[in-house]
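Commentary on secondary and tertiary structure
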Amino acid sequence: MGERPAAKKTKSTKTNKSPVEKSVEKSMGKPAEKPAAAKAESRTALVRRARRINRELAEVYSYAHPELDFENPFQLLVATVLSAQTTDLRVNQTTPALFAAYPTPEDMAAADPETLEQLIRPTGFFRAKAKSLIGLSAALRDRFGGEVPGRLEDLVTLPGVGRKTANVVLGNAFGVPGVTVDTHFGRLVRRWKWTDAEDPEKVEADVCALFPKSEWTMLSHRVIFHGRRVCHSRKPACGACPIAPLCPSYGEGETDPEKAKKLLKYEMGGRPGQRLKPPADYPGLPASPLGAE
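The structure displayed is predicted, hence computed values, not measured ones.

Each value, and the rule that gives it
- Residues numbered from 1 in each chain as written.
- Predicted model: local features only at pLDDT ≥ 70, side-chain atom pairs only at ≥ 80, totals over all residues.
- Heavy atoms only, no water.
- Salt bridge = Lys/Arg side-chain N within 4 Å of Asp/Glu carboxyl O.
- Buried < 20%, exposed > 50% of the residue type's maximum accessible area, 1.4 Å probe, protein only.
- Axes fitted to C-alpha atoms, helices over the stretch in contact; angles between N-to-C directions.
- Helix = DSSP H or I, 4+ residues; strand = E, 2+ residues; numbered from the N terminus.
- Parallel < 35°, antiparallel > 145°, perpendicular 65-115°, else oblique.
- Left-handed = near helix turned anticlockwise from the far one by under 90°.
- Contact = heavy atoms within 4.5 Å.
- Nonpolar A, V, L, I, M, F, W, Y, C, P; charged D, E, K, R; others polar.
- Disulfide = S-S within 2.5 Å.
- Expected span 1.5 Å × (residues − 1).

1. Describing the pattern of salt bridges
It is possible for side chains bearing opposite charge to pair when their charged atoms get close. Under the criterion given, the structure shown has 16 salt bridges. Of the charged contacts, one joins Arg151 and Asp154 as a salt bridge, the two residues approaching to 2.9 Å between their closest N and O atoms. Exposure remark for Asp154: the relative accessible area of 17% places this residue in the buried category. As a salt-bridge pair, Arg229 and Glu267 come within 2.6 Å of each other at their nearest N and O atoms.

Set out below in structure tokens:
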């Protein structure tokens, strides 16, 4: 595998460039050569390569975070259910009015279905989602004292909540490590040959086995960030990818550095992110409210 020489950062070197600019510049050097057909990778080599990718992504996305706006576990649970088949941006633009109208599970459980449907209409599949939100809110009210439970086995009993949603809530609202297998995560880990599985639970198990439990939640954020910004589904920006030398699928996308740079999204491409209220260390611009794009 053609691995570019490791460029160690010297602590004495100071620049005024943002972390995003540094990571893009690092990726815009000499394009990595596509590795020749490699021998079968040993388990030990796979673990080492996977963990090195994680370390590289941790440098590039030191500010990685959940891209849904939320202030408490209930808001995160609702936002995650709404995020199915739509963007986090559209959810973040929709939830301010939703949570103003229904701030608690008790409020949402008693919601008029048609009124709720209209509030969440921008996220798509609004009738099914409204049914799930009313059902899970009623379950929280009736079975969990109006509180979101902090155990996976309880969360997955709620209407509209599967393992992916449960792991998002556990990892980001309760600090319980978990791997979140969304479409971006599954696509990237298959490209990196961490797994060849398609079933999300099998993907989760395969990836969890490569990393210590303490890394699972942040690993999920970093991989998803990379999938949304650089390693796109149709045309990955291979020539602007900071982990190109570690990727067995290098060359599936645009390898020319200048052309690849134009494919970068969100803060990597100088455009707003998905959150209306991003964390303080986020180096990009906040998203615009609904109707102000």
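From this point, the narrative continues.
2. Digging into the packing of helix 6 (residues 113-120) against helix 7 (residues 126-143)
Contact geometry for helix 6 and helix 7: axes closest at 9 Å, N-to-C directions at 120 degrees. In terms of their interaxial angle, helix 6 and helix 7 are classed as oblique. In this structure, the crossing between helix 6 and helix 7 has a hand that is right-handed. Where helix 6 abuts helix 7, its residues Pro113, Leu116, Glu117 and Ile120 lie against Phe126, Arg127, Lys129, Ala130, Leu133 and Ile134. Split into classes, the residues belonging to the contact of helix 6 with helix 7 amount to seven nonpolar, no polar and three charged.

3. So, the state of the cysteines
Counting across every chain of the model gives zero disulfides. Cysteine Cys238 remains unbridged, with the sulfur of Cys247 as its closest cysteine sulfur at 6.5 Å. The cysteine Cys247 is free of any disulfide, with Cys231 supplying the nearest cysteine sulfur at 6.2 Å. Residue Cys247 is classed as buried on the basis of its relative accessible area of 10%.

4. A word on the side chain of His226
Among the structural elements, His226 can be located in helix 12 (residues 216-229). Its relative accessible area of 0% is what places His226 among the buried residues.

5. Thoughts on helix 12
The terminal C-alpha atoms of helix 12, which comprises 14 residues, lie 20 Å apart, in line with the 20 Å expected from a rise of 1.5 Å per residue. Helix 12 sits mainly inside the fold: 13 of its 14 residues count as buried.

6. Re the side chain of Thr95
Inspection of the secondary structure assignment puts Thr95 in helix 4 (residues 88-101). For Thr95, a relative accessible area of 2% corresponds to the buried category. Once residues within four sequence positions are removed from consideration, Thr95 is found in contact with Ala79 and Leu82.

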